[in-house]
Amino acid sequence: LENLQPEIKKLAERLRYEVSVRGKQLGWSEKVARFHFKKNLRRIITELYIRDNCHPFKATLLVWVQIPMWVCVSLALRNCSVGAMDSGVQEQFSAGGALWFTDLTAPDSTWILPVSLGLVNLLIVEV
């Protein structure tokens, strides 16, 4: 998308000139000329996206897949630690921590893990 910006800018300038000339020939008002400019610019940009196969929705597709996955994994981990029916699993979670979180069944009062997980996830999406 970034590589297309100079080409889009150049085509928009040319289209603006063509629409203004055509608008003066046909006596269009400013509103009608703006409508035709936007309509044709949208068409040109769509053709460029198709030509280069780089629709903006493709960039956000990963996020829309990652959010439900993150929710499901978070709920599964919560159910493992809090809602476990087998006392052996809960006993392993209560004794299996490290550093400042020695009990994996207790909520993180410092919010270090949730915040760091969110920041790492954001970093991965941005990179």
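Residues numbered from 1 in each chain as written. Predicted model: local features only at pLDDT ≥ 70, side-chain atom pairs only at ≥ 80, totals over all residues. Heavy atoms only, no water.

(A) Representation of a nonpolar patch on the surface within the structure. The grouping of F57, L61, W64, V65, I67, W70, V71, L75 and L117 at the surface amounts to a nonpolar patch, some 890 Å² of accessible area in total. Considering every element that reaches the nonpolar patch, the biggest residue donor is helix α3 (residues 56-81), with 8 residues. Inspection of the secondary structure assignment puts F57 in helix α3. Judged by relative accessible area, F57 falls into the partly exposed class, the value being 47%. (Patch = residues over 30% accessible without salt bridge, like charges linked within 9 Å, V, L, I, M, F, W, Y side chains within 5 Å. Areas by Shrake-Rupley, 256 points an atom, 1.4 Å probe, with all protein chains shown as cover. Salt bridge = Lys/Arg side-chain N within 4 Å of Asp/Glu carboxyl O. Helix = DSSP H or I, 4+ residues; strand = E, 2+ residues; numbered from the N terminus. Buried < 20%, exposed > 50% of the residue type's maximum accessible area, 1.4 Å probe, protein only.)

(B) Local environment of the nonpolar core. The biggest cluster of nonpolar side chains holds 13 residues, and the ones touching the most others in it are L4, L15, F37 and L41. A total of 7 residues in this core trace back to one element, the largest contributor, which is helix α2 (residues 30-52). Residue contacts for L41: discarding those within four places in its chain leaves A12 and L15. (Core = buried A, V, L, I, M, F, W, Y, C linked by side-chain atoms within 4.5 Å. Contact = heavy atoms within 4.5 Å.)

(C) Geometry of the environment of S20. In this structure, S20 sits in helix α1 (residues 5-26). Note: C-alpha distance between S20 and R34 (14 residues apart in sequence) is 9.1 Å.

(D) Region of interest: unusual backbone geometry. Phi is positive for N53, which is not a glycine, with a value near 55 degrees. By the element assignment, N53 lies in the loop between α2 and α3. Backbone geometry at W111 places phi at a positive 65 degrees, although glycine is not the residue there. For W111, the location among the structural elements is in the loop between α4 (87-94) and α5 (112-126).

(E) Main features of the pattern of salt bridges. Here the structure, examined in full by the defined rule, presents 5 salt bridges. In this structure, R51 engages E7 in a salt bridge whose closest nitrogen and oxygen atoms are separated by 3.0 Å. With R51 in helix α2 and E7 in helix α1, this pair connects stretches of sequence that are 44 residues apart. Assessed through its relative accessible area of 49%, R51 is described here as partly exposed. Residue E13 is joined to R16 by a salt bridge in which the shortest nitrogen-to-oxygen separation is 3.3 Å. With E13 and R16 both in helix α1 and 3 residues apart, this pair spans about one turn of that helix. Among the charged side chains, a network of salt bridges with common partners joins E7, R51 and D52.

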